[in-house]
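Analysis of the macromolecular model
Here's the letter readout for the chains.
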Amino acid sequence: MESLRQRWRHIIFGTDTPAGQLFDVLLIVAILGSVVAVMLDSVSGLHEDYGTWLYAAEWFFTLLFTLEYGVRLWVSDRPLRYARSFFGIVDLLSIIPTYLSLFVPGSNYLLTIRALRVLRVFRVMKLAKFMGEANQLGLALVRTRRKIAVFMFSVFVVIIIFGSLMYVVEGPRNGFTSIPRSIYWAIVTITTVGYGDISPQTPLGQLIASLAMITGYAIIAVPTGIVTAEISAARTSMQYERECTHCHRHAHDPDARFCKQCGNELPKLSLKGPDG
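As the structure is a computational prediction, the values presented were derived from the model and not from experiment.

The next point concerns the overall build of the protein chain. The number of helices and strands found in the protein chain is eleven helices and zero strands. Reading the protein chain from its N end, one meets helices and strands in the order α-α-α-α-α-α-α-α-α-α-α. In the protein chain, buried positions account for 34% of the 276 residues. Long-range pairs, those at least 24 residues apart, make up 58% of the contacts in the protein chain with a sequence separation of at least 6. Accessible surface, the protein chain: about 16,700 Å² in total, of which carbon and sulfur atoms supply 68%.

A word on the pattern of salt bridges. Tallied over the full model, the rule gives two salt bridges. Residue Arg-9 pairs with Asp-77 through a salt bridge whose shortest N-O separation is 3.1 Å. Separated by 68 residues along the polypeptide, Arg-9 in helix 1 (residues 2-13) and Asp-77 in the loop between helix 3 (44-75) and helix 4 (79-84) bring together distant segments of the chain. Among the residues examined, Asp-77 registers a relative accessible area of 58% and is labelled exposed. In this structure, the salt-bridge partner of Arg-72 is Glu-68, at a minimum N-O distance of 2.5 Å. Of this pair, Arg-72 and Glu-68 both sit in helix 3, four residues apart, which is roughly one turn of the helix. In this pair, the class of Arg-72 matches that of Glu-68, namely buried.

What follows is about the packing of aromatic side chains. This structure, assessed with the given rule, holds seven aromatic pairs. Ring centres of Trp-59 and Tyr-99 lie 5.5 Å apart, and the angle between their planes is 80 degrees; on these two criteria the pair is classed as edge-to-face. Of this pair, Trp-59 sits in helix 3 while Tyr-99 sits in helix 6 (residues 96-100), and the two are 40 residues apart along the sequence. When the ring of Phe-61 is compared with that of Phe-65, the centres are 6.3 Å apart and the planes differ by 20 degrees; the resulting orientation is stacked. Placement of both Phe-61 and Phe-65 in helix 3 is noted, with a separation of four residues, approximately one turn of the helix.

Before going further, it helps to spend a moment on helix 5 (residues 86-93). Buried residues of helix 5: Gly-88, Val-90 and Asp-91, and no others. Around the axis of helix 5, the buried residues are gathered within 165 degrees of arc, so they sit on the same side.

Next up on the list: the environment of Ile-220. Looking at the element boundaries, Ile-220 is found in helix 11 (residues 203-240). Judged by its relative accessible area of 43%, Ile-220 is partly exposed. Along the chain, Ile-220 and Thr-191 lie 29 residues apart, while their C-alpha atoms are 7.9 Å from each other.

Here we take up the packing of helix 2 (residues 18-41) against helix 3. It is at 9 Å that the axes of helix 2 and helix 3 come closest, and there the two elements cross at 145 degrees. Remark: the crossing between helix 2 and helix 3 carries left-handed chirality. Across the interface between the two elements, Phe-23, Leu-27, Ala-30, Ile-31, Gly-33, Ser-34, Ala-37, Leu-40 and Asp-41 of helix 2 pack against Leu-46, His-47, Gly-51, Leu-54, Phe-61, Leu-64, Phe-65, Glu-68 and Arg-72 of helix 3. Partitioned by chemical class, the residues of the contact of helix 2 with helix 3 number eleven nonpolar, four polar and three charged.

Attention now goes to helix 3. A bend of about 85 degrees at Tyr-50 is the largest found in helix 3. Those residues of helix 3 lying buried are Gly-51, Leu-54, Glu-58, Trp-59, Phe-61, Thr-62, Phe-65, Glu-68, Tyr-69, Arg-72 and Val-75.

For Arg-9, a relative accessible area of 18% puts it in the buried group. Here the side chain of Arg-9 touches Val-75 through a polar contact of 2.7 Å, landing on its backbone oxygen.

This part covers the confidence of the model for the protein chain. Chain-level statistics for the protein chain give a pLDDT mean of 79 and a share of 78% at 70 or above. Every residue in residues 270-276 scores below 50 in pLDDT, and together they form 13 contacts with partners more than four places removed in sequence or on other chains.

In terms of nonpolar packing, the biggest core is built from 16 residues, with Ile-159, Phe-162, Trp-185 and Ile-190 touching the most fellow members. At the level of secondary structure, the elements contributing two or more residues to this core comprise helix 9 (145-169), helix 10 (179-190) and helix 11. Considering each element in turn, this core owes the most residues, six residues, to helix 9. What Ile-159 contacts, discounting residues up to four positions off in sequence, is Ile-183, Ala-186, Ile-187 and Ile-190. If you look at the next biggest cluster of nonpolar residues, it comprises six residues, including Ile-31, Phe-61, Phe-65 and Ile-95.

Scoring rules and cut-offs
- Residues numbered from 1 in each chain as written.
- Predicted model: local features only at pLDDT ≥ 70, side-chain atom pairs only at ≥ 80, totals over all residues.
- Heavy atoms only, no water.
- Helix = DSSP H or I, 4+ residues; strand = E, 2+ residues; numbered from the N terminus.
- Buried < 20%, exposed > 50% of the residue type's maximum accessible area, 1.4 Å probe, protein only.
- Contact = heavy atoms within 4.5 Å.
- Areas by Shrake-Rupley, 256 points an atom, 1.4 Å probe, with all protein chains shown as cover.
- Salt bridge = Lys/Arg side-chain N within 4 Å of Asp/Glu carboxyl O.
- Phe/Tyr/Trp six-rings, centres within 6.5 Å; stacked < 30°, edge-to-face > 60°.
- Arc of directions from axis to C-beta.
- Axes fitted to C-alpha atoms, helices over the stretch in contact; angles between N-to-C directions.
- Left-handed = near helix turned anticlockwise from the far one by under 90°.
- Nonpolar A, V, L, I, M, F, W, Y, C, P; charged D, E, K, R; others polar.
- Bend = angle between axes of the 7 residues up to and from the residue.
- Polar contact = N/O pair within 3.5 Å; in protein donor to acceptor, adjacent residues only side chain to side chain.
- pLDDT = per-residue confidence, 0-100.
- Core = buried A, V, L, I, M, F, W, Y, C linked by side-chain atoms within 4.5 Å.

Listed below in structure tokens is the structure:
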């Protein structure tokens, strides 16, 4: 039994064998098939003609993924660590909606979250260049998390101010029946979505709306600039933090595994920023 467990662990969590690669490829095909089935079932014409078959396919894939999730827990050296990992949580969430639909009709359409499981393609195909780019983006997002948090808090304060002003100026007679509804208008306006379901009617209200629109365009540029600057800094940092422990050479490529000068193995990249 232990040898069987080790064999399946090597197949499921490894891609260095033909069996492991085949398992992951078949898994990705099954994931895509299940997502397509859920999407087709939402089309009324197809649901009327093939609803029974699509429903059966949904349960087939759900039971298949439930079995796979249980096997992953069984073969894992640290089941709790896998269950709490990103892919472990996604694997669990990808099977819950079908069972939930027995009590909450329509919740089965949340199964499209299974599309996140296709991210395994980067591991299966060993796309090192793509993983390097993903590491750079991840490092940039980690380093900007505090700046983005401060920025979002500031935007939230601005939205509350604009919403409150519009409630005072326009009032319920023009559709601004409460401050929360006015805040909804401010969010729609500042994000330049502009549904048009609520609009100011007075000159002063239209002036405030114009200021909100201009503020929205100015706000959009801020997070873009922050993240772009950090991506550039992350690219440089990822090159210079890869110091060879043997010859102390810097400036290695992000996807390099060995030092270009002495051939010694390089340390792995870290996604921690300077502020921890």
